[in-house]
Amino acid sequence: MAKRKSEEKILEEARARFKLAEEAEAFNRAEGKIDLEFAAGNQWGQADKDRRKRAEGGERPCLTFNKLTGPLSMISNEARMNTPGIEVHPVDMSGDDDTAEVLEGLIRHIEYVSKADEVYETALEQSARGGWGVFKVDVVHCEGKTFDQELRVERIPNQFCVYIDPFAMRVDRSDMAWLFDVELFTKEEYKQKWGNSEVAQHNFYEGTFNPVEGWVSEDGVRVARYWHVETEIKTLVGVRLPGGEVVAEYEEDLPAGMPPEMFATDEKGEPLVRDCEVRKVFCTWLNGAEVLDEIEWKGQWIPYLFVPGEEMWVENKRYLFSLIRFARDPQKLYNFYRTSEAEAVMLGTKAPWVGIKGAFRDPKWTNANTQLYAYLEYEPLDIAGQPAPPPQRNISEPPIQALSIGAAQAADDIKATTNVFDASLGARSNETSGIAIQRRQNQSGVANFHFVDNLNRAIRHCGAILADLIPKIYSAPRQVRILGEDRKQQVVMVNQQYRDDKGVDRHYDLTAGKYDVTITVGPSYTTQRQEAFETLSQFATAYPALLQVAGDLIFQYSDLPGAQKISERLAK
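Residues numbered from 1 in each chain as written. Predicted model: local features only at pLDDT ≥ 70, side-chain atom pairs only at ≥ 80, totals over all residues. Heavy atoms only, no water.

A.B. asks: What is the right way to look at the overall build of the chain in this model?
C.D. replies: Helix and strand counts for the chain come out as 15 helices and 20 strands. The burial tally for the chain puts 38% of its 572 residues in the buried class. (Helix = DSSP H or I, 4+ residues; strand = E, 2+ residues; numbered from the N terminus. Buried < 20%, exposed > 50% of the residue type's maximum accessible area, 1.4 Å probe, protein only.)

And the structure:
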């Protein structure tokens, strides 16, 4: 079946771009895989293991003492303790603070049902362990008998399946023009899902010429979600409303025969007209040989969020580094020293026996250096028939101290390359005051804060994507659940006027006005509430009258059973 010209163009463009992304990311991906192997504890290469094989076929020990888990846990736990929050603000007169608060609460609800904390933590751990992390925003149908849709924030467990436009220059890659989300299907899985496609009908090109090598192989079929942005130039025209307000409309949307006085002009009397670039995002499912499906995305950005580790440019080439990239060699050296130390101790207790040839005819001497016998008999005469002295054990002191010093130096090198030192891991130091100890412990958090900050930038762009999509996905009148900062749930009506339980008329029009987002970073609300309760309790102890004035607020922050009922009674 002949393909349409537009489909051929998409396929040719996709294959060329995917090859470009593979070549541009080859070094970072290869190093990232090694980093992940190290983080998982696979720190002895096969070549190292082969070199440690004994001549008689046995293997010398290859012990692993993974000291990278502490620094990696420091990064992820730092983010868990300081949860970023997305805040929404109106940017024009059509928006209002109440609707912005509803949008903010709706985003919290989306994060809650998506378990976004797990999504963000996964992306951060990916960047700390492998050099970069990825997560995405998706649209799903609501549960039950409804055609309504809602937004979700979803994690991507394997960051290596995503290939991003290498020409995107922003840290969060929000300016990317294309992206591939690749998945390898076995031939059986592919037949079940796309059995009517040409690749399946041609039996995966078995025994014939394969036009898309690398996409269709013996392992299966590579299916990519090819996200790409297409731009269109439209003419924007200024239109004067009856009240005198000037609005901008696309020329193609204006009705025919508009009177000339409705077209706005500038100070010189020239018409207000300009060309503007309109972005459209498409997602095309393809297997390299044919287009399987295609949709037009409702948002203006590709809904994938990129979380880099440490980024560096060298001669127009981008390098991505994980937290443990430069700690790999010290970790190898540490494993070698500790393994050699264990090996020396092991061999020191198995010193060989030395004696005249012919003295060891008793079979017990074969393993006398590893087995404990009640007695050992030796031949009193040598091979010349002369009296022979008894065998002596060849005992030598293993260099344990030197190996321990080398291991300690390697451990210090690991701390220096990860910027995580003993005080940050809870070790005692010279500091005596609480402030000094806290500042010492925070040193590694400051040194590695760029990992957490890059996640915050991605979450900020995620908030912008959600704020852009909400008016398009939640465009019809419906009920939505929102969450307050204290995670208190509330159901409101949107895109229609209604009267709430208190008799107040409400109208939250999500489709009107423009809104932007900011990020706040700090302790979670639960942590803040506990700290507030402790502080207010101390004030109430020093000043008992405070309990009569603000006792309801003190119990409002308490986690004690029945605290909320006590707070309500005190408020009355």
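A.B. asks: Would you mind showing me how to read the sheet that holds strand β2 (residues 132-141) here?
C.D. replies: Strand-to-strand pairing in sheets goes through backbone hydrogen bonds, with the strands running parallel or antiparallel. On the basis of which strands lie adjacent, the open sheet formed by three strands has the order β3-β2-β11 and antiparallel pairing. Across the chains shown, the open sheet's two edge strands, defined by having one partner strand only, are β3 (149-155) and β11 (304-308). Taking each pair of neighbouring strands and ignoring which way they run, the sheet shows an average axis angle of 20 degrees. For β2 and β11, the ladder comprises five bridges, and the chain directions are antiparallel. When the sheet's bridge partners are listed, Gly-133 is paired in β11 with Val-307. Across the sheet, helix α12 (residues 449-473) touches β2, β3 and β11, and the angle it forms with β11 is around 170 degrees. (Pairing = 2+ DSSP bridges. Axes fitted to C-alpha atoms, helices over the stretch in contact; angles between N-to-C directions. Contact = heavy atoms within 4.5 Å.)

A.B. asks: I keep staring at the packing of helix α5 (residues 116-130) against α12 and nothing clicks. Help me out?
C.D. replies: Relative orientation and spacing of two packed helices are given, respectively, by the angle between their axes and the distance between those axes. Packing of α5 against α12 leaves a shortest axis separation of 10 Å and a crossing angle of 140 degrees. Regarding the angle of α5 to α12, the classification is oblique. Crossing angle aside, the handedness with which α5 passes α12 is right-handed. Across the interface between the two elements, Tyr-120, Leu-124, Ser-127 and Ala-128 of α5 pack against Phe-451, Val-452, Leu-455, Ile-459 and Cys-462 of α12. Classifying every residue of the contact of α5 with α12 gives eight nonpolar, one polar and no charged. (Parallel < 35°, antiparallel > 145°, perpendicular 65-115°, else oblique. Left-handed = near helix turned anticlockwise from the far one by under 90°. Nonpolar A, V, L, I, M, F, W, Y, C, P; charged D, E, K, R; others polar.)

A.B. asks: Any chance you could explain the pattern of salt bridges here in plain terms?
C.D. replies: When charged atoms on two side chains of opposite charge get close, those side chains can pair. Counted according to the given criterion, the structure contains 23 salt bridges. Its salt-bridge partner being Asp-412, residue Lys-415 comes within 3.5 Å of it at the nearest N-O pair. Separated by three residues within a single helix, Lys-415 and Asp-412 lie in helix α9 (residues 400-418), roughly one turn from each other. Lys-415 gets classed as buried once you look at its relative accessible area, which sits at 17%. In this structure Asp-412 comes out as partly exposed when scored by relative accessible area, which is 38%. Linking Asp-453 and Arg-457 is a salt bridge whose minimum nitrogen-to-oxygen distance equals 3.4 Å. (Salt bridge = Lys/Arg side-chain N within 4 Å of Asp/Glu carboxyl O.)

A.B. asks: Looking at this model, I keep getting lost on the packing of aromatic side chains. Mind explaining?
C.D. replies: What characterises a pair of aromatic rings is the spacing of the ring centres plus the angle enclosed by the ring planes. By the definition in use, this model includes 18 aromatic pairs. Between the aromatic rings of Phe-185 and Trp-194, the centroid separation amounts to 5.2 Å while the plane-to-plane angle is 85 degrees, which identifies the pairing as edge-to-face. Comparing Phe-185 with Trp-194, the two get one shared label, buried. Aromatic side chains Tyr-190 and Trp-194 sit 5.5 Å apart centroid to centroid with 45 degrees between the ring planes, which places their arrangement in the tilted category. A residue pair is termed a helical-turn pair when its members lie 3 or 4 positions apart in one helix, as Tyr-190 and Trp-194 do in helix α6 (residues 187-194) at four residues. Residue Tyr-190 is classed as buried on the basis of its relative accessible area, which comes to 0%. An aromatic cluster is defined as three or more aromatic residues linked by ring pairs; in this entry it consists of Phe-18, Tyr-163, Trp-178, Phe-180, Trp-215 and Tyr-226. The aromatic ring of Trp-215 is capped on one face by Arg-222, whose charged end is 5.1 Å from the ring centroid. Over the aromatic face of Phe-65 sits the side chain of Arg-338, whose NZ or CZ is 4.6 Å from the ring centroid. (Phe/Tyr/Trp six-rings, centres within 6.5 Å; stacked < 30°, edge-to-face > 60°. Lys NZ or Arg CZ within 6 Å of the ring centre and 35° of its normal.)

A.B. asks: Please clarify how the nonpolar core should be interpreted in this entry.
C.D. replies: One finds Tyr-120, Phe-135, Leu-151, Ile-470 and Tyr-474 to be the most contacted residues of the largest nonpolar core, which totals 75 residues. Sorting elements by how many residues they give to this core places α12 first, with twelve residues. Once residues within four sequence positions are removed from consideration, Leu-151 is found in contact with Ile-110, Ser-114, Val-137, Asp-138, Val-139, Leu-466, Leu-469, Ile-470, Ile-473 and Tyr-474. Formed by 26 residues, the second largest nonpolar core is a distinct cluster that contains Ala-14, Val-182, Phe-204 and Val-223. (Core = buried A, V, L, I, M, F, W, Y, C linked by side-chain atoms within 4.5 Å.)

A.B. asks: Got a minute to help me understand the side chain of Glu-25 in this structure?
C.D. replies: Here Glu-25 lies in helix α1 (residues 5-39). Here Arg-29 takes part through its side chain, which lies 2.7 Å from a polar atom of the side chain of Glu-25. (Polar contact = N/O pair within 3.5 Å; in protein donor to acceptor, adjacent residues only side chain to side chain.)

A.B. asks: Can you help me understand the packing of helix α3 (residues 69-81) against α5 in this one?
C.D. replies: Here α3 crosses α5 at 150 degrees, and the two axes come no closer than 10 Å. It follows that α3 is roughly antiparallel to α5 by the angle criterion. α5 is crossed by α3, and the crossing has right-handed handedness. The segment α3 lies against α5, with Leu-72, Ile-75, Ser-76, Ala-79 and Arg-80 engaging Glu-121, Leu-124, Glu-125, Ala-128 and Arg-129. Across the contact of α3 with α5, the residue classes tally to five nonpolar, one polar and four charged.

A.B. asks: For this particular structure, what's the right way to read the pairing of strand β17 (residues 489-494)?
C.D. replies: As a general feature of sheets, a regular strand has side chains that alternate between the two faces. In this sheet, β17 lies alongside strand β16 (residues 478-483) in antiparallel orientation, the contact comprising six bridges. Looking at β17, one finds that Arg-478 is bridged to Val-494.

A.B. asks: Would you mind showing me how to read a negative patch on the surface here?
C.D. replies: Side chains of Asp-96, Asp-97, Asp-98 and Glu-101 sit close together on the surface and give a patch of like negative charge. Among the structural elements, Asp-98 can be located in helix α4 (residues 97-114). Exposure remark for Asp-98: the relative accessible area of 43% places this residue in the partly exposed category. (Patch = residues over 30% accessible without salt bridge, like charges linked within 9 Å, V, L, I, M, F, W, Y side chains within 5 Å. Areas by Shrake-Rupley, 256 points an atom, 1.4 Å probe, with all protein chains shown as cover. Lys, Arg positive; Asp, Glu negative; His and termini not counted. Charge placed at Lys NZ, Arg CZ, Asp CG, Glu CD.)

A.B. asks: What's the story with α3 in this structure? I'm lost.
C.D. replies: Note that an α-helix has 3.6 residues per turn; residues three or four places apart therefore point the same way. Over its 13 residues, α3 extends 18 Å from the first C-alpha to the last, a length consistent with the 18 Å expected when each residue adds 1.5 Å. Considered for burial, the residues of α3 that qualify are Pro-71, Leu-72, Ile-75, Ser-76 and Ala-79. End-on, the buried residues of α3 take up no more than an arc of 130 degrees, which puts them together on one face. (Expected span 1.5 Å × (residues − 1). Arc of directions from axis to C-beta.)

A.B. asks: Teacher, can you tell me more about unusual backbone geometry here?
C.D. replies: Most peptide bonds adopt trans geometry, and most residues besides glycine take a negative phi value. Backbone geometry at Arg-173 places phi at a positive 60 degrees, although glycine is not the residue there. Structurally, Arg-173 can be placed in the loop between β4 (162-164) and β5 (178-185). Among the residues examined, Arg-173 registers a relative accessible area of 3% and is labelled buried.

A.B. asks: Before we go on, may I ask you to explain α9 in this structure?
C.D. replies: For α9, which comprises 19 residues, the first-to-last C-alpha distance of 27 Å matches the rise-based estimate of 27 Å (1.5 Å per residue) to within 8%. Residues of α9 that are buried include every one of Leu-403, Gly-406, Ala-407, Ala-410, Ala-411, Ile-414, Lys-415 and Thr-418, and no others. Phi for Asn-419, located one or two positions after α9, is positive at around 60 degrees.

A.B. asks: Would you mind going over the environment of Tyr-120 with me for this structure?
C.D. replies: Position of Tyr-120 relative to the elements: it lies in helix α5. You can call Tyr-120 buried: its relative accessible area is 8%. On a C-alpha basis, the gap between Tyr-120 and Val-307 in space is 9.3 Å, while along the polypeptide they are 187 residues apart.

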